[in-house]
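# Close look at the chain arrangement
Below are the chains, spelled out letter by letter.
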Amino acid sequence: MNVSALLTSAGINIAISVVLLSLYSILRKQPGNVGVYFGRRLAQEHTRRLDPYWLDRFVPSPSWIAKAWSTSEEEILQIGGLDAVAFLRILVFSIRIFSIAAIICMFLVLPLNYYGQQMIHKQIPSESLDVFTITNVEEGSKWLWAHCLALYIISFSACILLYFEYKSIARMRLAHIAKSPPNPSHFSVLVRAIPWTAEESYSDAVRNFFTNYHASSYLSHQMVYRSGTVQKLMSDAEKVYKRLSHFASTSLDQTCQPSLVRCGLCGGTANSFKMLSESDSSEHVENKPDLGHFDSTMIQKECGAAFVFFKTRYAAVVASQVLQSSNPMLWVTDLAPEPHDVYWSNLCIPYKQLWIRKIVTLLAATVLMFLFLIPVTFVQGLSQLEQLQQLLPFLKGILKKKYISQLVTGYLPSVVLMLFLYIVPPVMMLFSAVEGSISRSGRKKSACKKILYFTIWNVFFVNVFSGSVISQLDVISSPKDIPTQLAKAVPRQATFFITYVLTSGWASLSSEIMQPFALLCNLFNRFKHKSRDISPDCAMSFPYQTEVPKVLLFGLLGFTCAILEPLILPFLLVYFFLGYIVYRNQFLNVYISKYESRGEIWPIVHNTTIFSLVLSQVIALGVFGLKKSPIASGFTIPLVILTLLFNEYCRQRFHPIFKNFAAQDLIDMDRRDEQCGRMEEIHQQLKSAYCQFSFSHKIVKAEGSNHSHMSDEREVKPGLASYPTLGRLHLDGMQQVVTWLSMLTFQERRGQHQPKPTGEESVVGESVDSNVI
């Protein structure tokens, strides 16, 4: 590939990025797209904004960039939590280290690479990119010490910055835990592998065990029920309830008269159901049948898992880390995740199956990694015109054209690879769910690791060892030759990595801020339902499992190619600067923080960065050996050892903070709550914190010209209320679902016979709908 092909790829991606960013600045101003680009603010702040003037709505503006840049880290912490701050710190670290690398390599290493051999250079657009790599330096050149010096500066700078970032994130994690309001997960322990006996139920077994062995600290417990028909019915009913309550509050005609139209659900007339007043509802609740017969049914639904609540945080942490039985496969305890973070469907998995599930998912992920060699090999064939012409002879005439060859070699390979990689995150999320994670954040963390390993293997190593699958397996079978093979292959593929940064980096950030899938869903919803009403429940959580591996992969490419191909560094810096702005904007406006892992992704970031540093040093060691520079090779070996020692120090110093809670902090928090008299209130909240089956009931006000009805929460018989996980089950909500479905059927049939609104009425509707949030 020559410089003109690289410029072609850069020009295409710059044009795409500018167009998409300009289009975003216009689309975000349209009232109908508020739910797409301001989902978090709708769900959390419930704010309303004034629409801009008609002309301003169709003119691009950079105001969102200024807002994202000026937002402080404290505001990001309050909005997105510590996880959002930790993710943005990855970008800040990358900007700092690659700014240092770009200054050193562009002014010191790049000229030495370009003038490394006695040769007549062509004009810059016609120059091959190989003359800018370390392969252009002569063997035994005395200037290789400059590459070794640049490697030392980059490695030491990265370690210093990593240390301060690790220390800062650890301090913020401790402060977040200490200053946060009382969290139910700090008092709760998840117990699995509860032994079953015919003499007593699981609930009785838990009560007897913890009152016997943790009598002074045990408070209460809550059983976990099998996720089957009951949970599915309740979740489906809740979704229908929310949809119909939203419909009834906006478009349902409350003044409809009695009719003889038959209801499609129960066969009665459309006015067979009515909204009850408070007096009628109380009388109706008193006449409800006794629901005590559900007691025995729910006992049979119990599984061998339970949430056990303790009186203090310290007691809960001790109980979660102590071996409860002489048999490690029984009474297994873990500190419970946050209530909104619980992955309920995995709690009933028998504990003895977990190790089998982990092995199966590991094998499945490994098989997928090797199957992905097929598309990656195809992609590498596109970047090599000679092999492509031999494989497809009919393309020889087309590929001889200059612009076609530049497009095929400089742009098409990275696009094809990026499209293939889109199928990886959903598959890895499925593997992580099958693996048995007990929390949603744990599932994302597991998927993040799998996607990270997958992308590093397929995007870096498989592309480096490009060729047939057999040759790649030969490299793997001889580990001692890996440094030499890397030293030969990485400089050859450095140009492909530059185009990959352009395509998968710049364009993906533009796609991220545009939210094309959510935008299409919003347009389809508006077209289908003829409504512009936005539901706050549609706000998404940030996809850490896909974005963290992407950023870390670009960091690996930057470290490994810094002294080998310095031209990649400016493109990486543009990506990290643009990503810093884009992701801050997304945290401010789009993504909602549904649960908090308190920065647990940072150890993954640290370990991956250390791996990238060591890999770059090993590749440099191999390159110096091939270039017959023993001095540079001798100085590189101590650098590898020092980097590994630094990693071990950080692992001993900071990693335990992200793995366990400090007893000192927990005891101080317990004493502070006891002195303030809040401990009793916290204990009362624990009884309803973890609710497996819930039907959230909202007060719906329906105003009409002749009458108005209001439904309120009603009592539930003790037969159901005695179970903590069914404490929020409202049977009146179920009744309203049936009522609204009946009325909805009547409304649709009635609407077929009503005349369409006139043009004037349509304009009025448009003006009302434009006053959205």
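Residues numbered from 1 in each chain as written. Predicted model: local features only at pLDDT ≥ 70, side-chain atom pairs only at ≥ 80, totals over all residues. Heavy atoms only, no water.

Okay, the packing of helix 18 (residues 424-435) against helix 19 (residues 440-464) next. At their nearest, the axes of helix 18 and helix 19 sit 8 Å apart, and the two run at 130 degrees to each other. Considered as vectors, helix 18 and helix 19 are oriented oblique to each other. With respect to the hand of their crossing, helix 18 and helix 19 are arranged in right-handed fashion. Between helix 18, through Val424, Pro425, Met428, Met429, Phe431, Ser432, Ala433 and Glu435, and helix 19, the contact on the second element is made entirely by Arg443, Lys444, Ser446, Ala447, Lys450, Ile451 and Phe454. Tallied by class, the residues present in the contact of helix 18 with helix 19 amount to 9 nonpolar, 2 polar and 4 charged. (Axes fitted to C-alpha atoms, helices over the stretch in contact; angles between N-to-C directions. Helix = DSSP H or I, 4+ residues; strand = E, 2+ residues; numbered from the N terminus. Parallel < 35°, antiparallel > 145°, perpendicular 65-115°, else oblique. Left-handed = near helix turned anticlockwise from the far one by under 90°. Contact = heavy atoms within 4.5 Å. Nonpolar A, V, L, I, M, F, W, Y, C, P; charged D, E, K, R; others polar.)

Turning our attention to the pattern of salt bridges. Note on pairing: side chains with opposite charge can pair once their charged atoms come close. Taken as a whole and assessed by the stated rule, the structure comprises 14 salt bridges. Here Glu165 and Arg89 are joined by a salt bridge, their closest N and O atoms 2.9 Å apart. In this pair, Glu165 is assigned in helix 6 (residues 144-179) and Arg89 in helix 5 (residues 73-114), connecting sequence segments 76 residues apart. For the pair formed by Glu165 and Arg89, the shared burial category is buried. Between Lys445 and Glu600 there is a salt bridge; the shortest N-O distance is 4.0 Å. One end of the pair, Lys445, is in helix 19; the other, Glu600, is in the loop between helix 24 (568-589) and helix 25 (602-626), with 155 residues separating them in the sequence. Classification of Glu600 by relative accessible area gives partly exposed; the value is 25%. It is possible to trace a salt-bridge network through shared partners that takes in Glu73, Arg89, Arg96 and Glu165. (Salt bridge = Lys/Arg side-chain N within 4 Å of Asp/Glu carboxyl O. Buried < 20%, exposed > 50% of the residue type's maximum accessible area, 1.4 Å probe, protein only.)

Turning our eyes to something else, we now look at empty space enclosed by the protein. Counting across every chain of the model gives 9 cavities of 30 Å³ or more. When its volume is computed, the largest cavity comes out at roughly 280 Å³. Surrounding the largest cavity, 21 residues form its lining, Asp83, Lys444, Tyr544, Tyr595 and Ser597 being those nearest its centre. Contributions of two or more residues to the lining of the largest cavity are made by helix 5, helix 19 and helix 23 (544-561). (1 Å grid on protein atoms, 1.4 Å probe; cavity = no way out; pocket = protein on both sides within 12 Å on 5 of 7 lines; lining within 4 Å. Points joined across faces, edges and corners; volume = space filled by probe spheres on them.)

It is worth spelling out the confidence of the model for the protein chain at this point. Averaged over every residue, the pLDDT of the protein chain is 76; the share at 70 or more is 69%. Here helix 32 (residues 759-769) stands out as the element of the protein chain with the lowest mean pLDDT, 33, in contrast to strand 1 (residues 188-192), whose mean of 95 is the highest. Low pLDDT, under 50, characterises residues 467-471; the predicted model gives this stretch 4 contacts beyond four residues in sequence or across chains. Under a pLDDT of 50 for its full length, residues 695-773 has, in the predicted model, 156 contacts with residues more than four places off or in other chains. (pLDDT = per-residue confidence, 0-100.)

This part covers the sheet that holds strand 4 (residues 332-335). One open sheet accounts for 4 strands, arranged 2-3-1-4; its pairing is antiparallel. Of all the strands in the sheet, the pair left with one neighbour each is strand 2 (218-225) and strand 4. Each strand of the sheet is rotated relative to its neighbour by a mean of 25 degrees, with strand direction disregarded. As paired elements, strand 1 and strand 4 share 4 bridges and run antiparallel to each other. Pairing of Arg192 across the sheet is with Val332, part of strand 4. Taken strand by strand, helix 7 (residues 202-213) contacts strand 1, strand 2 and strand 3 (302-310), and its axis lies near 155 degrees from that of strand 2. (Pairing = 2+ DSSP bridges.)

All right, on to the nonpolar core then. One recurring pattern in soluble globular proteins is that nonpolar side chains are buried together. Counting 144 residues, the largest nonpolar core has Phe87, Phe460, Leu557, Ile568, Phe576 and Tyr583 as the members making the most contacts within it. If one sorts the elements of this core by residue count, helix 5 sits on top with 22 residues. Non-local contacts of Leu557, meaning those with residues more than four positions away in its chain, are made with Phe460, Phe497, Tyr500, Val501, Ile568 and Leu572. Of all hydrophobic cores here, the second largest spans 18 residues; its members include Val191, Tyr218, Ala315 and Trp331. (Core = buried A, V, L, I, M, F, W, Y, C linked by side-chain atoms within 4.5 Å.)

Another aspect to go through is helix 29 (residues 679-689). Within an α-helix, residues lying three or four positions from one another point in the same direction, as the helix has 3.6 residues per turn. Buried residues of helix 29: Met679, Ile682, His683, Leu686 and Ala689, and no others. Summarising the axial view, the buried residues of helix 29 lie within an arc of 115 degrees, below the 170-degree limit, and thus occupy one face. As for helix 29, its buried residues are in contact with strand 1, strand 2, strand 3 and helix 28 (663-676). (Arc of directions from axis to C-beta.)

Right, let's get into helix 19. With 25 residues, helix 19 extends 35 Å from end C-alpha to end C-alpha; this agrees with the ideal 36 Å at 1.5 Å per step. At Trp457, helix 19 shows its maximal kink, close to 25 degrees. Here helix 19 lies mainly inside the structure; 20 of its 25 residues are buried. Looking at where helix 19 begins, the residue whose side-chain oxygen comes 2.9 Å from the main-chain nitrogen of Gly442 is Ser439. (Expected span 1.5 Å × (residues − 1). Bend = angle between axes of the 7 residues up to and from the residue. Polar contact = N/O pair within 3.5 Å; in protein donor to acceptor, adjacent residues only side chain to side chain.)

Right, let's get into the packing of helix 19 against helix 21 (residues 482-514). At their nearest, the axes of helix 19 and helix 21 sit 8 Å apart, and the two run at 130 degrees to each other. The angle between helix 19 and helix 21 places the two elements in the oblique class. Judged by the sense of rotation from one axis to the other, the crossing of helix 19 with helix 21 is right-handed. Between helix 19, through Val459, Phe460, Phe461, Asn463 and Val464, and helix 21, the contact on the second element is made entirely by Leu486, Ala489, Val490, Gln493, Phe496, Phe497 and Tyr500. Its residues assigned to classes, the contact of helix 19 with helix 21 shows 10 nonpolar, 2 polar and no charged.

This part takes up a nonpolar patch on the surface. Taken together, Phe156, Ile637, Ile641, Leu642 and Leu645 make up a surface patch of nonpolar side chains, about 480 Å² in accessible area. Of the residues forming the nonpolar patch, the biggest block, 4 residues, is contributed by helix 26 (residues 630-653). For Phe156, the location among the structural elements is in helix 6. When its relative accessible area of 40% is taken as the criterion, Phe156 is described as partly exposed. (Patch = residues over 30% accessible without salt bridge, like charges linked within 9 Å, V, L, I, M, F, W, Y side chains within 5 Å. Areas by Shrake-Rupley, 256 points an atom, 1.4 Å probe, with all protein chains shown as cover.)

Here we take up the environment of Gly634. On the secondary structure map, Gly634 appears in helix 26. The exposure class of Gly634 is partly exposed, given its relative accessible area of 38%. Here the alpha-carbon distance between Gly634 and Phe624, two residues 10 residues apart in the chain, equals 9.3 Å.

This paragraph deals with the layout of surface pockets. By volume, the second largest pocket amounts to about 1500 Å³. Lining the second largest pocket are 47 residues, with Ile438, Ser439, Gly442, Lys445 and Glu600 sitting closest to its centre. Counting residues per element, the ones that place at least two in the lining of the second largest pocket are helix 11 (313-321), strand 4, helix 12 (354-371), helix 19, helix 25 and helix 27 (655-659). Here the residues of the lining of the second largest pocket sort into 16 nonpolar, 17 polar and 14 charged.

Let us look at the environment of Gly625. Following the sequence through the fold, Gly625 ends up in helix 25. The spatial distance from the C-alpha of Gly625 to the C-alpha of Thr484 is 8.2 Å, given a sequence separation of 141 residues.

This part covers the packing of aromatic side chains. The tally for this structure, following the rule as stated, stands at 42 aromatic pairs. Residues Phe98 and Phe576 carry aromatic rings whose centres are separated by 5.7 Å and whose planes lie at 0 degrees to one another, so their mutual orientation is stacked. Here Phe576 lies in helix 24 and Phe98 lies in helix 5, a separation of 478 residues in the sequence. You can call Phe576 buried: its relative accessible area is 0%. Ring centres 6.1 Å apart and planes at 55 degrees place the aromatic pair Phe370 and Trp457 in the tilted group. Here Phe370, found in helix 12, pairs with Trp457, found in helix 19; they are 87 residues apart in sequence, far enough to count as distant. By relative accessible area, Phe370 is classed as partly exposed at 37%. Ring-pair connections join several aromatic residues into one group, and the members of that group are Phe98, Phe370, Trp457, Phe460, Phe461, Phe496, Phe497, Tyr500, Phe554, Phe559, Tyr575 and Phe576. (Phe/Tyr/Trp six-rings, centres within 6.5 Å; stacked < 30°, edge-to-face > 60°.)

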